[in-house]
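# Per-entry structural report
Chain by chain, the residues run as shown.
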Protein chains: 2
Amino acid sequence: MGTTQVDSLPEPKYWHLRTVLTEALDSEFTVGEILPNERDLAARFGVARATLRQALEQLELEGRLQRRRGVGTTVAPPRMGVAVGTSRHTWPGTPDDAWDPADCVLETPPASVAGALGVHPGDAVYTVRRSRVTDGQPVAAEQLYILPSSVPGLSDVDAPSGPARARAVLRELQRLELERQESDVELGSARAEHAKALDRLPGAPVLVVTTRYRADGRTTALSVATYRADTCRLTFGDLGGVEIHHQAHPQAS
Amino acid sequence: MGTTQVDSLPEPKYWHLRTVLTEALDSEFTVGEILPNERDLAARFGVARATLRQALEQLELEGRLQRRRGVGTTVAPPRMGVAVGTSRHTWPGTPDDAWDPADCVLETPPASVAGALGVHPGDAVYTVRRSRVTDGQPVAAEQLYILPSSVPGLSDVDAPSGPARARAVLRELQRLELERQESDVELGSARAEHAKALDRLPGAPVLVVTTRYRADGRTTALSVATYRADTCRLTFGDLGGVEIHHQAHPQAS
């Protein structure tokens, strides 16, 4: 890593080992199987423990291996296909939505969010926190920012906080006609709060999906969703909504 | 990295430094500015060189910094928004397509591709290689696999190879009616051949977009596109096609 002059550099040692290990995983091991310990693996492939560990970390990042304390290193199942965008756009919180609302507060969003929503820095917006669990595993955490002026009918009396409050805000939002919806996907790093929710360490690679919901000619809501990059494959398009597509890991094949 | 028991672990040192550096980048530096050298930076933040390097590598991965031999470490511009999917689906190779065809060969695809296309392992399919350059920078490399039976009108006589051959195959493909299109996005690692094309080292993080094109009730073409994860933000949805959305780096904010 670190430079853009790659022509003259040989393939890193750990990267070669990763390729060899990938082939071994494909041919010798089944999903869920526990790998031999590091000492035995290093001996078998004739590499230093440090090189082996680097290759194992790489394969964990690629979703091929899972390492759990007390269990050891196991062969991971194929990444889950998680439906993110479909061609039929819908507001968050509709009945077939896969997200669970946890809370809703009125607070000042980060500057980039304020910019995207067109509010003054320092102005408060509704922030709904939601989580997504698939097959019993936490796969994503979301912050959904909503313009207060977009949910004018919201009553402050009932459900002042918690999941009920979040649902009330989303219900109000759904009264608007959704005109347009766009998403960005990019590589990010799990911040401490998300890392905990996703059962990862801070800095673990995540896929960040930013979605703009437009109504009344403006961005009315903005979702920033953080997906585990090791276990998730995000699906977009006509089939979205059905979690299928189990296939081999296409490491840029 | 490495375990799923994260509750009791403190924030890694490099991760704390990364946060401090991010704030410094936002407040003190402008895009393109050259950072002080590693010795000075380590001294300023009171950390070991190894910790500093880990934080710089992290920020490079996040697209905040660029490191080039002979230049040093510079503050990176915001990631480019690269349009990947729009709600109006189109075949590859149409006039407003952002990809440049390089070659087309008839060869045996990887087993996972054969499975997705429903051909027998060992059967050859057309493989079109294309590249995508934005603002003079290589951003993506693609392999596009096409069923020979979907391009029956293809003449073997003219343009037997090269870009012209690729264009001829795509032109034939476009005669079919595109029924459906779905994409997956996942984190991958650049393999040697792609790393070179993308000006990265093997193992560099990439976003792999797999797109299935369906016509005549079957998957007729399959695209596996590898995008640089450090410089690209993939955009999906109604605005797709326009490369806009320059915004701050939302590290899972």
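Reading guide: rules and limits
Residues numbered from 1 in each chain as written. Chains lettered and ligands numbered in written order. Predicted model: local features only at pLDDT ≥ 70, side-chain atom pairs only at ≥ 80, totals over all residues. Heavy atoms only, no water. Helix = DSSP H or I, 4+ residues; strand = E, 2+ residues; numbered from the N terminus. Buried < 20%, exposed > 50% of the residue type's maximum accessible area, 1.4 Å probe, protein only. Pairing = 2+ DSSP bridges. Axes fitted to C-alpha atoms, helices over the stretch in contact; angles between N-to-C directions. Core = buried A, V, L, I, M, F, W, Y, C linked by side-chain atoms within 4.5 Å. Contact = heavy atoms within 4.5 Å. Salt bridge = Lys/Arg side-chain N within 4 Å of Asp/Glu carboxyl O.

Let's shift gears to the environment of A:Asp135. All names here are of chain A. Inspection of the secondary structure assignment puts aspartate 135 in the loop between strand E5 (125-134) and strand E6 (137-146). Using a relative accessible area of 73% as the deciding quantity, one classes aspartate 135 as exposed. Each C-alpha atom of the pair aspartate 135 and proline 152 lies 37 Å from the other, and the pair is 17 residues apart in sequence.

With respect to topology, eight strands assemble into an open sheet ordered E4(A)-E5(A)-E6(A)-E9(A)-E8(A)-E7(A)-E10(B)-E3(B), the strand pairing being mixed. Each edge of the sheet is formed by a strand with only one pairing partner; in this case those strands are strand E4 (100-107) of chain A together with strand E3 (80-85) of chain B. For this sheet, the mean inter-axis angle between neighbouring strands, taken without regard to orientation, is 20°. Bridge analysis of E4(A) against E5(A) gives seven bridges, and the strand direction is antiparallel.

With that settled, the discussion passes to the nonpolar core. One finds A:Val185, A:Tyr227, A:Leu234, B:Val185, B:Tyr227 and B:Leu234 to be the most contacted residues of the largest nonpolar core, which totals 30 residues. Ignoring anything within four residues of it in the chain, the contact list for A:Leu234 reads A:Val82, A:Val84, A:Val185, A:Leu207, A:Val209, A:Tyr227, B:Ser183, B:Asp184 and B:Val185. Counting residues in each nonpolar core, the second largest holds 18 residues, with B:Tyr126, B:Val128, B:Leu144 and B:Leu176 among its members.

Moving on: the pattern of salt bridges. Residue and element names in this part refer to chain B. Counted under the stated rule, the structure contains 40 salt bridges over all chains. Across the pair arginine 18 and glutamate 62 runs a salt bridge, and its minimum N-O distance is 2.8 Å. Note that arginine 18 is positioned in helix H1 (residues 13-28) and glutamate 62 in the loop between helix H3 (49-61) and strand E1 (65-68), a separation of 44 residues in sequence. Here arginine 18 matches glutamate 62 in class, with each residue buried. Between glutamate 57 and arginine 67 there is a salt bridge, and its shortest N-O distance comes to 4.0 Å.

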